[in-house]
Amino acid sequence: MSRSCQVTPSGSDPLVAGTLPRFRAGPRFAQAEPGACLACRRSAGLAFGRLEPPPNRLPDPILGDAYAEQVMRRLDPGYDKRRFGTSQMGLVAVVRTKAHDDWARSFLAEHPDAVVLHLGCGLDARAYRVDPPATVDWYDLDYPAVIELRQQLLPPREHYTLIGSSVTDLTWLERVPRSRPVLMIAEGLVPYLTETDVRRLLTSVVDAFPTGRLQFDTVPVWAWRTSKWDPTLRKYDAQFHCGFNTPAALAEWHPRLEYVDEAPMYDSPILMAKAPANARRMYRLLNLLPGMKRSTRIVRFRF
Ligand SMILES: C[S@@+](CC[C@H](N)C(=O)[O-])C[C@H]1O[C@@H](n2cnc3c(N)ncnc32)[C@H](O)[C@@H]1O
């Protein structure tokens, strides 16, 4: 089945006109839309500071993502009136994005000849934010319909390639150079895959490259098991398919794989520094519950 999504520059934007919602409709796209939207919303919400920021921006932004804000305005004409970017959920998503961006920047500073595999990219403008040197080749991969939408919303770049494929169809690996250090980034992707697929993905990437880093985030088993009742996931007809209580143990899947560390999320210093007072209070309370504090784990591995 072939589907396409179109965004036009005028008031006849198909998202508004009701044609883009088909993107949400079928099970094949069940996981596509939340990612695409979240990627934009959270980045865009914190894009710019002004003297009097509108409700969707922090006065002192965390990501400073100009592209995301532009994309979000095209997808949602009422975007500037919404509070998502400064809401509790919007903020914590930005913290995760910032952690992945910072890790990516530090890896690329040490490996300017790297190949980046940004898997389940959604509409996230990470390549533009990180802005790697021309010696890096960057690959953004997502389902074909998401990639088609990206092409309409974000400009091309040098040394930047889009791959429209399921990440589980590992033939996409044949399309990337495999003799250089690799950085695999999978933000918000792993929980949507089965454990079998995650294992095949990680071990195949390690087998395919001489050296590299893998950075991704996971949810614990309880979050996976209860995801069918999660109102946000239900809204988009999406569900998690795996969870890990000890993500560091994934290093045991491959003899060359070694766990490095974890980035803070709900207890992140940046969240506590930037969140409005009511959000900070809520996160402090949530952090008293070990299950909530570790309900998303941002982890990285090397080989
Ligand atoms: C929660 S979103 C995260 C998007 C983006 N990485 C971010 O952090 O904003 C999950 C993304 O993974 C993509 N995805 C889920 N399963 C996939 C699969 N099997 N192959 C490729 N992409 C997939 C979805 O289309 C969606 O864009």
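Per chain, residue numbering runs from 1 following the sequence as it is written. At least 70 in pLDDT is required for a residue's local features to be given in this predicted model, at least 80 for side-chain atom pairs to be given and counted, and no such filter applies to totals for whole chains, interfaces and linings, which use all residues.

The name given to the protein chain in an unreviewed UniProt entry is Class I SAM-dependent methyltransferase, with Nonomuraea aridisoli as the source organism.

Asks: Can you help me understand the overall build of the protein chain in this one?
Replies: Only DSSP runs of H or I covering at least 4 residues are called helices, and only runs of E covering at least 2 are called strands; the numbering of each starts at the N terminus. Counting secondary structure elements, the protein chain contains 13 helices and seven strands. Labels follow a simple rule on C-beta atoms placed from the backbone: if 20 or more others lie within 10 Å of a residue's own, it is buried; if 12 or fewer, it is exposed; otherwise it is partly exposed. Per-residue burial over the protein chain gives 41% buried out of 303 residues. Excluding contacts between residues fewer than 6 apart, the proportion of contacts in the protein chain whose partners are at least 24 apart in sequence is 70%. The contact rule is simple: place each C-beta atom from the backbone, and if two of them lie within 7 Å, those residues are in contact.

Asks: Quick question: what am I supposed to make of the confidence of the model for the protein chain here?
Replies: One rule of thumb: low pLDDT means the predicted coordinates there are not for detailed reading. For the protein chain, mean pLDDT is 82; residues scoring 70 or higher make up 79% of the total. Looking at any residue, its pLDDT shows the predictor's confidence there, from 0 to 100. Mean pLDDT across the elements of the protein chain ranges from a minimum in helix H1 (residues 14-17), with 29, to a maximum in strand E4 (residues 182-186), with 99. In this model residues 1-53 is a low-confidence stretch, pLDDT under 50, and it forms 112 contacts with partners more than four residues away in sequence or in other chains.

Asks: Help me understand helix H7 (residues 144-153), please; the structure alone is not making it clear to me.
Replies: The α-helix advances 3.6 residues per turn, and as a result positions three or four apart in sequence lie on the same side. Listed as buried for H7 are Ala145, Val146, Leu149 and Arg150. The buried residues of H7 all sit within an arc of 140° when viewed along its axis, so they share a single face. Picture the helix axis, draw a direction to every C-beta atom, and the arc is the one those directions span.

Asks: Even after reading the chapter, I still don't get unusual backbone geometry, so can you show me in this structure?
Replies: Generally, phi is negative for residues other than glycine and the peptide bonds are trans, each holding for most cases. The phi dihedral of His159 falls on the positive side, at around 55°, and the residue is not glycine. Positive phi values are uncommon outside glycine, yet Asp237 reaches one of about 60°. Of note, Asp237 is situated in the loop between helix H10 (231-235) and strand E6 (258-263). Looking at Asp237, the number of C-beta atoms within 10 Å reads 15, which means it is partly exposed.

Asks: I'm lost on the environment of Leu201 in this one. Help?
Replies: You can see Leu201 is positioned in helix H8 (residues 195-208). Distance from Leu201 to Leu173, taken between C-alpha atoms, is 9.8 Å for residues 28 residues apart in sequence.

Asks: Honestly, the sheet that holds strand E1 (residues 115-119) in this entry has me stumped. Any pointers?
Replies: As a general point, the strands of a sheet are linked pairwise by backbone hydrogen bonds and lie either parallel or antiparallel. What the seven strands build is an open sheet, ordered E3-E2-E1-E4-E5-E7-E6; its pairing is mixed. Of all the strands in the sheet, just strand E3 (160-164) and E6 have a single pairing partner and so form its edges. Averaged over all pairs of adjacent strands, the angle between their axes in this sheet comes to 20°, without regard to strand direction. In this description, strands pair whenever DSSP reports at least two bridges between them. Where strand E2 (residues 137-142) lies against E3, five bridges are found, and the strand directions are parallel. Opposite Trp138, over in E3, you have Tyr160 as the bridge partner. Between N-to-C directions, angles cover 0 to 180 degrees, with each direction set by a line fitted to C-alpha atoms, over the stretch in contact for helices. Sitting on the sheet, H7 is in contact with E2 and E3, with an inclination near 140° to E3.

Asks: Looking at this structure, I do not really get the nonpolar core. What am I missing?
Replies: Val116, Leu183 and Met184 are the most contacted members of the largest nonpolar core, which has 67 residues in total. Among the elements that line this core, the one with the most residues is helix H5 (residues 88-110), at nine residues. When neighbours within four sequence positions are excluded, Val116 is seen to be in contact with Val136, Trp138, Tyr139, Leu183 and Ile185. Note on terminology: a nonpolar core is any set of buried Ala, Val, Leu, Ile, Met, Phe, Trp, Tyr and Cys residues joined through C-beta atoms within 7 Å.

Asks: Explanation requested: the pairing of E4 in the structure shown.
Replies: For a regular strand, side-chain orientation follows a simple rule: the groups alternate between the two sheet faces. Burial runs high along E4: five of the five residues are buried. Burial along E4 is two-sided: Val182, Met184 and Ala186 and Leu183 and Ile185, pointing in opposite directions, are all buried. In this sheet, E4 lies alongside E1 in parallel orientation, the contact comprising four bridges. Its bridge partner lying in E4, Leu117 is registered against Met184. Here five bridges tie E4 to strand E5 (residues 212-218), and the two strands are oriented parallel to one another. Within the sheet, the bridge partner assigned to Leu183 lies in E5 and is Arg213. A clockwise path from the first strand over the helix to the second, with the strands pointing away from the viewer, defines a right-handed crossover. Once you follow E4 into H8 and on to E5, the crossover reads as right-handed.

Asks: Sorry, what's going on with the environment of His254 here?
Replies: Within the secondary structure layout, His254 lies in the loop between H10 and E6. Residue class for His254 comes out partly exposed when judged on the 18 C-beta atoms lying within 10 Å of it. Sequence spacing of His254 and Arg199 is 55 residues, and the spatial spacing of their C-alpha atoms is 9.1 Å.

Asks: Help me out: how do you make sense of the environment of Trp222 in this one?
Replies: Looking at where Trp222 falls in the secondary structure, it is placed in helix H9 (residues 221-225). Here the alpha-carbon distance between Trp222 and Gly291, two residues 69 residues apart in the chain, equals 8.6 Å.

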